[in-house]
Amino acid sequence: MWLFSRDPVRDFPFELGPPDPEPDPDPAPAVDAAPAPLWRLLRGRRKADGAPVSVFAHSLGTGDAAATPLARAALRRLRSLRHPNVLGYLDSLETEQCLYLVTEAVTPLRRHLRLRPPTGDLGEQEVAWGLHQLLTALAFLGGSGLVHHALGADAIFVDPGGDWKLGGLERVAAASEGVPPRPPGVPPRPQDPPEFGDSSRGRGEPWAGDMWRLGCLIWEVFNGPLPRPAALRSFGKLPAGLVPPFCELVAAEPSARPGPEQLLKRLQRPGAFLACPLVRTGLFLEQLQVRDPSERRTFLQELSTLLDSLPGPFLRHKLLPRLLAALEFGSADASALPPLLKVAKALDPPEYQERVVPVIVRLFSSPDRALRMQLLQQLEEYVEFLPEATVDAQIFPHVAHGFLDTNPAIREQTVKSMVLLAPKLGEGRRARELPRLLLRVQAGDALGPLRCNATLCLGRLGPLLPPQTRQRVLAPALARATRDPFAPARAAAVAAFAATHGCYSPQECAGKVLPALCGLTADPHPGVRQQAFRAIRSFLDQLEAAAESGGTPEGDPPSAATAAPGGPGGGVPGGLGAAVSWAVTGVTSLTARLMGAEAGGPPQTPHTPAESPPAPPKAPPPRSPPRRTPMGGTTTGAAWRTWSCPGAPLRAARRMGDPPPQQPPAPPLPHPSPTAPPPTGGDEEGEWGVGGEWGTEDAWETSPCQQEPPPSPGSSRRHREQQRRRELEAKRRGGPRGPPKLGTRKLD
C-alpha cells in the first residue's frame with residue numbers, strides 16, 4: 001500500500017523552509033528565534049507566485065503533553081479571528097511529525113528592534129504606529145469578549161511595512177472564564193501581573209492583566225528585556241510622552257489600569273504620543289476609499305511635504321501600494337501622482353517596471369485632463385524606467401491625442417514631452433507621425449507661444465530624425481518659422497537652426513538656411529537681429545571650412561555622426577557652441593516673458609537679462625519707397641544698394657567676423673497680431689505641409705538681387721535725386737482736380 005501513499009508536503013501550495021541558503025543578517029539567539037515556546041519560525045514561499053510567507057512549525061510527539069493541545073488551540077483561534085492588526089492566517093498542514101501554520105510574511109518584534117532600534121524621532125514614530133495597532137487589536141479582542149493572557153514581545157510580529165501584528169493566541173480565552181492558572185512546573189515571569197502571586201489584590205477588569213503586560217512591553221521596547229519587576233520603577237529611555245500612560249499601565253491596583261479603548265483615545269489627543277505624522281498618514285490611508293473627495297485631495301496635496309519625515313518601509317510597502325490602487329481604480333485624482341513618483345524612486349528598476357509602469361501605462365488612457373497634465377509634467381521623473389517598446393506601442397498613441405486637444409496647456413505639455421519620448425520611439429514613428437504632428441502645431445496653432453515651442457522642439461529633435469526625413473522637413477519648417485508674426489517664434493527658428501547646424505549639407509546651408517536667416521537681419525526686434533547675425537557667422541564659417549576641405553558631393557546628406565556630434569550643437573569649433581547655448585536660454589526666457597503678454601498682460605520688449613531694454617527707434621528721415629528683398633523683408637537706401645551690388649555679398653562674407661557698421665535704425669515693419677497663424681507655404685512638400693519659397697532653388701535664382709543691374713558708384717546720388725523728382729512729378733500730374741474730397745491725403 002505504500003506505493004499509493006502521497007507526501008502531503010509535496011502537494012502543499014507553499015514551499016517550506018528558507019527560500020534561499022543565505023544566513024540571516026542578524027541571527028538572534030535560540031530563545032529569541034522562536035516567537036513562542038510552541039513554535040519554530042521558518043521562511044516560506046507561495047508556489048503559485050513566489051510571494052514570501054512565514055511558516056510556524058510545531059513538532060508533534062514531544063515530551064510535553066500539554067504543548068500539542070495549545071498549538072492546536074492557537075491554530076483554531078488564528079483561523080477564526082480576522083482583523084487587520086491580528087496575524088493573518090493563510091493555510092495549515094498537519095502531518096505525522098509536524099503541524100505547520102502558514103501566515104503572512106512577518107518578523108518577530110525582538111529581531112525587528114535589533115535591526116531598527118527605536119532611536120530618534122523616526123524610531124519613536126514607528127513605535128507609536130505599532131502601539132496604535134496593538135491597542136486596536138486588544139480593543140477588538142475585548143469587544144469580542146476575549147482576553148489574550150500572553151501579551152509580550154514574543155507574541156508581537158512586524159510585517160515588511162512596519163505594521164505590528166498580534167499573535168501568540170494559544171492562551172486566548174473568553175473573559176467569562178477568568179484568569180487561567182499557571183501551568184505546573186512553569187516558573188513565574190517578570191511580565192506577570194502582581195495579582196497572580198497575591199490573592200489579596202482584586203482582579204479588576206478581565207483585561208487588567210493584559211494592560212500590565214502592555215506596560216512591560218513598552219518598557220522592553222525602549223530599554224531591552226525586563227530583568228525583574230522592580231526595574232519598572234526606572235523609566236530609562238522611555239519618551240516623555242509615554243511616561244504618564246506607562247505609570248497607569250503598571251499600577252499595582254488592577255482597577256487603576258485603563259482599558260485599551262480608553263488609552264487609545266487619550267494617546268490620540270493633540271500633542272499626545274500617538275499624534276504624529278506617521279499615525280495620521282496611516283489612519284488616513286486606511287480610510288482613503290470612504291473619505292470625502294475634497295479631503296482626499298487636500299491630503300494628497302500635502303503628502304509630498306511629509307514624505308521625508310516618514311520611514312522608508314512604510315513608504316515602500318504601505319503607502320505606495322495604496323496610491324497605486326487609488327489611481328488605478330479611480331479613488332484618487334491627479335494630485336496622487338507626484339507623491340507616488342517620489343516614493344517610487346526608491347525602487348529598483350526591475351521592481352519599478354513591475355509595479356509602477358503598468359499603472360502609468362493605464363493612466364495615459366484616462367480621459368481626465370488633470371491626470372494627463374500631471375503625467376506629462378512629471379514625465380522626467382519616470383521616463384527612464386519606461387521600456388522603448390511600451391512607449392512606442394502603448395504610450396505614444398495616447399499622448400499624440402494631446403496635439404489636437406482644445407486645451408492649450410495640454411498641447412503645450414504634449415509638445416514639450418516629445419523631447420523625452422522621441423528617443424524611445426521607433427524609427428517609423430520618428431519618420432512619419434512625430435514630424436507631422438509637430439508641424440501641424442507649428443503651422444496651424446493660433447497661439448504664438450505654442451508655435452514657438454514646436455519650433456524649439458523640432459530643433460532639439462532634428463538629430464533624432466531619420467536622414468531622409470531630416471533633409472526633407474527640417475530646413476523648410478524652420479525657414480517658415482522665420483516668417484512667423486510672433487517674435488519669439490522667429491527667435492526660436494534661429495535657435496533651432498543653430499542647434500541643428502550639423503544636420504545640413506553645404507548645399508542646404510547655402511540654398512535654404514542662409515537665405516532664411518538673412519531675412520531676419522532686418523527684423524524689427526533687436527534680439528532677433530542679433531541672434532540672426534551670430535547664426536549667419538557660424539554657418540559661414542561652416543561653409544568656408546567645407547569649401548577649404550573640398551566640399552561635399554551634391555545630394556549627399558550629412559551622416560548621423562556629423563548631425564549629432566555629442567549633442568545638438570556640440571563639437572563644432574568657433575563660436576557655434578556659445579551660439580547654441582545662448583539660443584536655447586535666450587529664446588526660452590524670451591518666450592516665457594512674451595507668453596504673459598499673449599495671455600493679456602502688458603507686452604514687453606525682448607531683451608537679455610544682462611541688458612537694459614532697448615530704446616524705441618527714432619523716426620528716420622524721409623527716404624525712397626521701401627523695396628521688397630528676396631528674403632521677404634523690406635529695405636531702403638544704402639542697405640538695398642549694398643545687397644544689390646554684385647560684389648557686396650562676397651565682401652560681406654569676408655567681413656562677417658567684424659562688427660557691422662553703424663547705420664541709422666530701420667523703421668519698424670508692420671506685423672499682424674501675434675496670435676494669428678503664420679502664412680503657409682506651397683504644397684510642394686506634400687503631406688508635410690512645409691513648402692515655401694525657401695524650399696525651391698527657383699525662388700532664390702529669380703530674386704531681384706540677380707536681375708537688376710547695379711548703379712555706378714559715381715552717379716548713385718544723382719540717380720536717386722532724379723528718381724525722386726520723377727516720382728513726385730508723377731504724383732502731381734495724376735492727382736485729382738478741384739478741391740480735395742473728404743478722406744483724401746495731400747500730396748507732397
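Now for a description of the structure that goes with this document.

Along the backbone of the protein chain there are 31 helices and twelve strands. Here the protein chain holds 748 residues, and 45% of them are scored as buried. By sequence separation, contacts in the protein chain at least 24 residues apart represent 67% of the contacts at least 6 residues apart.

A few words on the packing of aromatic side chains. Using the criterion set out here, one finds nine aromatic pairs in the structure. Ring centres 5.6 Å apart and planes at 55 degrees place the aromatic pair F12 and F14 in the tilted group. Given the relative accessible area of 4%, F12 is considered buried. Seen from their ring centres, F56 and F157 are 5.5 Å apart, and the 85 degrees between their planes marks the pair as edge-to-face. With F56 in strand β3 (residues 52–59) and F157 in strand β8 (residues 156–158), this pair connects stretches of sequence that are 101 residues apart. Taking the relative accessible area as the measure of exposure, F157 reaches 3% and is therefore buried. Ring-pair connections join several aromatic residues into one group, and the members of that group are W39, F56 and F157.

Inspection of the secondary structure puts T390 in helix α16 (residues 388–399). Through-space distance from the C-alpha of T390 to that of L425 is 9.2 Å; in sequence the pair is 35 residues apart. Residues within four places of T390 in sequence aside, it is in contact with V361 and I395.

Another aspect to go through is the side chain of T455. Along the chain, the position of T455 falls in helix α20 (residues 448–461). On the basis of relative accessibility, which here comes to 1%, the residue T455 falls in the buried class. Once residues lying within four places of it in the same chain are set aside, the contact partners of T455 are Q442, L478, A481, A489, A492, A493 and A496.

Next up on the list: the sheet that holds β8. Paired through backbone hydrogen bonds, the strands of a sheet run either parallel or antiparallel to each other. Sheet architecture is open: three strands sit in the order β6-β8-β9, paired in antiparallel fashion. With one partner strand each, in any of the chains shown, β6 (107–108) and β9 (164–166) form the two edges of the open sheet. Summarising the sheet, β6 and β8 pair through two bridges and their orientation is antiparallel. Within β8, the position partnered with P108 by the bridge is F157. Sheet strands touched by helix α4 (residues 120–143): β8 and β9. Its angle to β9, the strand with the most contacts, is close to 25 degrees.

What follows concerns helix α7 (residues 260–267). Listing the buried residues of α7 in full gives P260, L263, L264 and L267. The buried residues of α7 occupy one face: seen down the axis, they fall within an arc of 100 degrees. For α7, the secondary structure elements touched by its buried residues are α4, α5 (208–223) and α6 (243–249).

Bringing the pattern of salt bridges into the picture now. Side-chain pairs of opposite charge can arise where the charged atoms are in close proximity. According to the stated counting rule, one finds 23 salt bridges in the structure shown. The partner of D333 in a salt bridge is R297, and the shortest N-O contact between them spans 3.0 Å. A residue pair is termed long-range when its members are at least 10 positions apart, and D333 in the loop between α10 (312–329) and α11 (337–344) and R297 in helix α9 (residues 293–306) qualify at 36 residues. What makes D333 partly exposed here is its relative accessible area of 24%. The exposure class assigned to R297 is partly exposed, which follows from its relative accessible area of 36%. Ionic pairing is found between E433 and R429, a salt bridge with its closest N-O pair at 2.9 Å. R429 gets classed as buried once you look at its relative accessible area, which sits at 18%. Through salt bridges with shared partners, a single ionic network connects R316, E351 and R355.

Our focus in this paragraph is the sheet that holds strand β4 (residues 89–94). The strand order β1-β2-β3-β5-β4 describes an open sheet built from five strands, whose pairing is antiparallel. Sheet topology places β1 (14–15) and β4 at the edges, where each strand pairs with a single neighbour.

Cut-off values and rules
- Residues numbered from 1 in each chain as written.
- Predicted model: local features only at pLDDT ≥ 70, side-chain atom pairs only at ≥ 80, totals over all residues.
- Heavy atoms only, no water.
- Helix = DSSP H or I, 4+ residues; strand = E, 2+ residues; numbered from the N terminus.
- Buried < 20%, exposed > 50% of the residue type's maximum accessible area, 1.4 Å probe, protein only.
- Contact = heavy atoms within 4.5 Å.
- Phe/Tyr/Trp six-rings, centres within 6.5 Å; stacked < 30°, edge-to-face > 60°.
- Pairing = 2+ DSSP bridges.
- Axes fitted to C-alpha atoms, helices over the stretch in contact; angles between N-to-C directions.
- Arc of directions from axis to C-beta.
- Salt bridge = Lys/Arg side-chain N within 4 Å of Asp/Glu carboxyl O.

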